[in-house]
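Descriptive structure summary
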Amino acid sequence: MSFRPRHTFHPVILDDVRGAQKMLSGVARTTAVEGSRHLTRLVGAPVHFKCENLQRTGSFKLRGAYVRISGLRPEERAAGVVAASAGNHAQGVALASSLLGVRSTVFMPQGAPLPKVAATREYGADVRLHGQVIEETLEAAQEYARTTGAVFIHPFDHPDVIAGQGTVGLEILEQCPEVRTIVVGIGGGGLAAGVAVAVKAVRPDVRIVGVQAEGAAAYPPSLAAGRPVAVRTPVTMADGIKVGRPGDLPFRIIEELVDDVRTVSEDELSSALLLCLERAKLVVEPAGASPVAALLSDPAAFSAGPVVAVLSGGNVDPLLLQRILRHGMAAGGRYLSLRLRLTDRPGALATLLGTLSLLDANVLDVSHVRTDPRLGLAEVEVELQLETKGPDHCDEVADTLRNEGYAVTVMG
């Protein structure tokens, strides 16, 4: 959706972002900007990746956390800091605190991926597992802050955090000065707001496009209402942008400075993650792949290039990555599930598999059903999971089997 600014409100200005950039010198990496030939061909304009998945701790979150904690008064530092996060913010706060010599406590949901819990502890935080959902974890962290005096470090709703994240925008302008479109994922909005502040102050002609997951898209209704509106039950694999309500400060900035907010489906997210892995050799989490998903879903909308897509993070649990890759391959027509009936006689399955071999379809799984009352006495039902080369190959396999006399049902 596109919208016009409703007001001028500046909780963060360019000087804040430039100050944050100086503060982060030697702390945060200036991450690479890499070209994507595949997306360039698809979009019809140069497309580049801003690789924040290669940042220290695996995401942009270190930037904002370090700037926020650096700004604490001595007595606040002495009291320590506390945060709540399922992963990226947790690691950013933990490392930033260690670098600054500040004690940190991080509350994480009980179901948080073990690699993220382990990494947060290794960065020096006292990790406490609490709650089944992030809202419960957040409440526990805020209660800890009230009872101990520790400073709560919000993941996105603070000027220092937004200024820190905005340094990504300054780097893009330095590394790709001819940029005309920047695409960035939106959860609470800290990264998009910071990038918009930095870029629009220097290059107001640059188009900023935010991207949300369809199942956790709080910004479109919020922008329509002119105020933050909560999504009751956000659902998406992209946990990095799975935020039920926009932050108050990021919302005001995004409402004024971001040109467009788009949503992408789970299939588009998984396909984008797969593209990053296969074509760019980059491990990117679903939230980090959301800008790529937007480019894939509507390439013509990004013809004003060069385009820079911000890959905001790469912290993906290996088990989730395995599921996402299978989902992405299925969404891309790389898997085919079939059900068909055979005569229950020796050699019938071998004949079927021989046909599939000639079609160059890789059989991943085979299951037999012999006891279903729908089957005749001499029949067996076979379910096949096949790896294919794409949608056209799927159609070729199904059509050839039907021409061979098999009654084929393609399963979703």
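Residues numbered from 1 in each chain as written. Predicted model: local features only at pLDDT ≥ 70, side-chain atom pairs only at ≥ 80, totals over all residues. Heavy atoms only, no water.

Regarding the overall build of the chain
- For the chain, the helix and strand inventory stands at 16 helices and 14 strands.
- In the chain, buried positions account for 54% of the 412 residues.
- Carbon and sulfur atoms form 50% of the exposed surface of the chain, whose accessible area is close to 17700 Å².
- Across the chain, the centroid of the 41 positively charged side chains sits 4 Å from that of the 45 negatively charged ones. (Helix = DSSP H or I, 4+ residues; strand = E, 2+ residues; numbered from the N terminus. Buried < 20%, exposed > 50% of the residue type's maximum accessible area, 1.4 Å probe, protein only. Areas by Shrake-Rupley, 256 points an atom, 1.4 Å probe, with all protein chains shown as cover. Lys, Arg positive; Asp, Glu negative; His and termini not counted. Charge placed at Lys NZ, Arg CZ, Asp CG, Glu CD.)

A closer look at the confidence of the model for the chain
- Mean pLDDT over the chain: 90, with 95% of residues reaching 70 or higher.
- Ignoring residues within four places in sequence, the model shows residues 1-7, a span with pLDDT below 50, making 24 contacts including any to other chains. (pLDDT = per-residue confidence, 0-100. Contact = heavy atoms within 4.5 Å.)

Some thoughts on the side chain of Ser70
- Counting through the fold element by element, Ser70 comes out in helix α3 (residues 61-70).
- Taking relative accessible area as the criterion, Ser70 reaches 19% and is therefore assigned buried.
- A polar side-chain atom of Ser70 sits 2.7 Å from the main-chain carbonyl oxygen of Tyr66.
- Excluding residues that lie within four positions of it along the chain, Ser70 makes contacts with Met23, Arg77 and Leu100. (Polar contact = N/O pair within 3.5 Å; in protein donor to acceptor, adjacent residues only side chain to side chain.)

Structural notes on the packing of helix α9 (residues 190-202) against helix α11 (residues 248-257)
- Contact geometry of α9 with α11 gives a least axis separation of 9 Å together with a crossing angle of 45 degrees. The angle between α9 and α11 falls in the class oblique. Helix-helix and strand crossings are classified by hand; for α9 and α11 the assignment is left-handed. Listed contacts from α11 to Gly190, Ala192, Ala193, Ala196, Val197 and Lys200 of α9 are Pro250, Ile253, Ile254 and Leu257.
- Residues belonging to the contact of α9 with α11 are distributed by class as follows: eight nonpolar, one polar and one charged. (Axes fitted to C-alpha atoms, helices over the stretch in contact; angles between N-to-C directions. Parallel < 35°, antiparallel > 145°, perpendicular 65-115°, else oblique. Left-handed = near helix turned anticlockwise from the far one by under 90°. Nonpolar A, V, L, I, M, F, W, Y, C, P; charged D, E, K, R; others polar.)

Some details on a positive patch on the surface
- A cluster of like positive charges, contributed by Arg37, Arg41, Arg279 and Lys281, occupies part of the molecular surface.
- With respect to the element layout, Arg279 can be found in helix α12 (residues 266-279). (Patch = residues over 30% accessible without salt bridge, like charges linked within 9 Å, V, L, I, M, F, W, Y side chains within 5 Å. Salt bridge = Lys/Arg side-chain N within 4 Å of Asp/Glu carboxyl O.)

Some points on unusual backbone geometry
- A cis amide bond links Gly305 with the next residue in sequence, Pro306, at an omega value of 5 degrees.
- With a phi angle near 70 degrees, Thr57 is a residue other than glycine that sits in the positive phi range.
- On the accessibility criterion, Thr57 (6% relative accessible area) is buried.
- One non-glycine residue, Lys281, lies in the positive phi region at around 60 degrees.
- Mapped onto the elements of the fold, Lys281 is located in the loop between α12 and α13 (290-297).
- We classify Lys281 as exposed; its relative accessible area is 64%.

Digging into the layout of surface pockets
- There is about 1200 Å³ of room inside the largest pocket.
- Taken together, 48 residues line the largest pocket, and the ones lying closest to its centre are Ile134, Phe156, Asp239, Lys242 and Val243.
- Elements supplying a minimum of two residues to the lining of the largest pocket: α5 (88-100), α7 (134-148) and α9.
- Tallied by class, residues from the lining of the largest pocket come to 21 nonpolar, 18 polar and nine charged.
- Its boundaries defined by the atoms lining it, the second largest pocket holds a volume of some 230 Å³.
- What lines the second largest pocket is a set of twelve residues, and nearest its centre among them are Ser271, Leu274, Leu275, Glu278 and Arg334.
- Of the residues assigned to the lining of the second largest pocket, the class counts are three nonpolar, five polar and four charged. (1 Å grid on protein atoms, 1.4 Å probe; cavity = no way out; pocket = protein on both sides within 12 Å on 5 of 7 lines; lining within 4 Å. Points joined across faces, edges and corners; volume = space filled by probe spheres on them.)

Side note on the sheet that holds strand β3 (residues 81-84)
- The strand order β5-β4-β3-β6 describes an open sheet built from four strands, whose pairing is parallel. Looking along the sheet, the strands with just one partner apiece sit at the ends: β5 (126-129) and β6 (151-152).
- Sheet analysis places β3 next to strand β4 (residues 104-108), joined by four bridges and oriented parallel. Note that in β4 the partner of Ala83 across the bridge is Val106. (Pairing = 2+ DSSP bridges.)

Here we look at the nonpolar core
- If you look at the biggest cluster of nonpolar residues, it comprises 54 residues, and the most contacted ones within it are Ile69, Val81, Val179 and Ile182.
- The element best represented in this core is α9, accounting for eight residues.
- Judged by nonpolar contacts, the second largest core, of 39 residues, contains Leu39, Ala213, Val264 and Ala293. (Core = buried A, V, L, I, M, F, W, Y, C linked by side-chain atoms within 4.5 Å.)

Digging into the pairing of strand β7 (residues 181-185)
- The buried fraction of β7 amounts to five of the five residues, a majority that puts the element mostly inside the structure.
- The alternating pattern of β7 places Thr181, Val183 and Gly185 and Ile182 and Val184 on opposite faces, both of which are buried.
- Taken together, the five bridges between β7 and strand β8 (residues 207-213) define a ladder with parallel strand orientation. Across the sheet, residue Val184 finds its bridge partner in β8, namely Gly210.
- Remark: the β7/α9/β8 crossover connection has right-handed handedness.
- Taken together, the three bridges between β7 and strand β10 (residues 307-311) define a ladder with parallel strand orientation. Paired with Val183 across the strands is Ala309, a residue of β10. (Right-handed = clockwise from strand over helix to strand, strands pointing away.)

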